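Coordinate inspection notes
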Amino acid sequence: MANRKLVAGNWKMHGTAESIGEIVRIAAGVPTGVDVALCLSATLIERAARAVPGFAIGAQDVHSMERGAFTGDVAAHQLHDARASFVIVGHSERRDGHRESDTQVRAKAVAAQGAGLKVILCVGESLEAREAGCAISIVSAQLDASLPPSPVEAVAYEPIWAIGTGRIPSLEDIGEMHAALRSRLIAAYGAAGNVVRLLYGGSVKPSNAAEIFGVADVDGALVGGASMTAADFLPIVEAAAES
Ligand code: PGA
């Protein structure tokens, strides 16, 4: 049986108090039959969560330690205390921009799960790896090394070259990658690996969402730019609900 779809928005370093109205519009327009979350900057999490009770608000990163002298970082229990229910770990903008290793990503996932947060773990290849024909082996190895011992809520396959560029892999390439990642999840978690949602991310738009959701083993999407407005995000959520 197909997994229920999850569509998560990643607002990255955008959003202020003025954005709460848009978050309310998004939450109000979510149809039944699909799970939706918005992952926001830490500054907005609690305000957003109070504005849309019952709607899932998430964070975009977390520190792996429970507390301590880590200036500027936020711990998993602090995110939970701010009413976050999801957290993204291992986004390529963290792996590349902050030199996060697979080991650190796994430690973050473990910390997040320990605080009761649902983890969306990101993996994805560079353009060089895609062109060299080794995308599947590289992303599979990244997943194996980043997965925590307990099943994550979702894995997001995000080819780095597709993020914010308007380019997406062929549907065949997405299907091939998701099938490979599913087999890694089953190798890691047994039958529980079947119910980890496999999201595709990278330039998902209202115009391409339905065809992406039609690919086998695509259980939803992680959406950046197109998650910032109800006008763009809700058609993607509706496509997921209808698929
Ligand atoms: P994009 O970003 O949808 O703007 O390509 C996706 C992401 O970085 O999660």
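What comes next is a walk through the structure. Going along each chain's sequence as written, the residues are numbered from 1 onward. In view of the model being predicted, local features appear only for residues whose pLDDT reaches at least 70, and side-chain atom pairs are presented and counted only at 80 or more, with totals across whole chains, interfaces and linings using the full set of residues. Derived side-chain values reflect all non-hydrogen atoms in the structure, with water molecules and hydrogen atoms excluded from consideration.

1. Observations concerning the sheet that holds strand β6 (residues 154-157)
Convention followed: One requirement defines pairing of two strands: DSSP has to find at least two bridges between them. Strands here are runs of E lasting at least two residues and helices are runs of H or I lasting at least four, both read from the DSSP assignment and numbered beginning at the N terminus. Interaxial angle, 0 to 180 degrees, is taken between N-to-C directions of lines fitted to C-alpha atoms, where a helix line uses only the stretch in contact.
Spatial strand order, β1-β2-β3-β4-β5-β6-β7-β8: eight strands in a closed barrel with parallel pairing. Between one strand axis and the next, the sheet turns through 25° on average, direction left out of account. Two elements, strand β1 (residues 6-10) and strand β8 (residues 220-223), share four bridges in a ladder whose sense is parallel. Among the inter-strand pairings, valine 7 is bridged to a residue of β8, identified as alanine 221.

2. Considering the site of the ligand
As a reminder, the rule being used: By convention in this text, a residue qualifies as near a molecule or strand provided that one of its non-hydrogen atoms is within 4 Å of it. Polar contact is the term for a pair of N or O atoms within 3.5 Å; when the atoms are in protein, one must be able to donate a hydrogen and the other to accept it, and sequence-neighboring residues count only if both atoms are side-chain atoms. All accessible-area figures derive from a Shrake-Rupley calculation using a 1.4 Å probe, and residue coverage is judged against the displayed protein chains alone. Three categories are distinguished: nonpolar for Ala, Val, Leu, Ile, Met, Phe, Trp, Tyr, Cys and Pro, charged for Asp, Glu, Lys and Arg, and polar for the others, with Gly belonging to the last.
In the vicinity of the ligand there are 13 residues, among which Lys12, His91, Glu158, Gly164 and Ser203 approach most closely. Lysine 12 is positioned with one of its side-chain polar atoms (N or O) 2.6 Å from an oxygen atom of the ligand. Between the ligand and glutamate 158, the relevant distance is 2.7 Å, taken from an oxygen atom to a side-chain nitrogen or oxygen of the residue. With the chains in place, 96% of the 280 Å² that the ligand exposes on its own is no longer accessible. Class assignment of the residues belonging to the shell around the ligand gives a composition of four nonpolar, seven polar and two charged.

3. A word on the pairing of strand β4 (residues 86-89)
Put simply, the rule is: Only protein chains enter the accessibility calculation, which uses a 1.4 Å probe; a residue whose area is less than 20% of its type maximum is buried, one above 50% is exposed, and one in between is partly exposed. The crossover handedness rule: strands pointing away from the viewer, path from first strand over the helix to second strand clockwise, crossover right-handed.
Alternating residues of β4 divide into Phe86 and Ile88 and Val87 and Val89, and every residue in both groups is buried. Chirality of the crossover, the property in question, places the unit of strand β3 (residues 56-59), helix α3 (residues 76-81) and β4 among those that are right-handed.

4. Brief notes about the pattern of salt bridges
We apply this condition: The working definition used for a salt bridge is a side-chain nitrogen of Lys or Arg within 4 Å of a carboxyl oxygen of Asp or Glu.
Going through the model one piece at a time under the given rule, you end up with 17 salt bridges. The salt bridge partner of arginine 184 is aspartate 144, with a shortest N-O separation of 3.0 Å. Taken together, the residues arginine 184 in helix α8 (residues 171-189) and aspartate 144 in helix α7 (residues 135-146) connect sequence positions 40 residues apart. Given a relative accessible area of 33%, aspartate 144 falls into the partly exposed group. Here arginine 197 makes a salt bridge to glutamate 153, at a shortest N to O gap of 2.6 Å. With a gap of 44 residues between them, arginine 197 in strand β7 (residues 197-201) and glutamate 153 in the loop between α7 and β6 connect regions that are remote in the sequence. Here arginine 197 falls in the buried class, since its relative accessible area comes to 8%. Judged by relative accessible area, glutamate 153 falls into the partly exposed class, the value being 23%. Counted as one network, the salt bridges with shared partners bring together Arg4, Asp35, Glu153 and Arg197.

Everything listed here is a matter of coordinates, which is why it stays silent on function.
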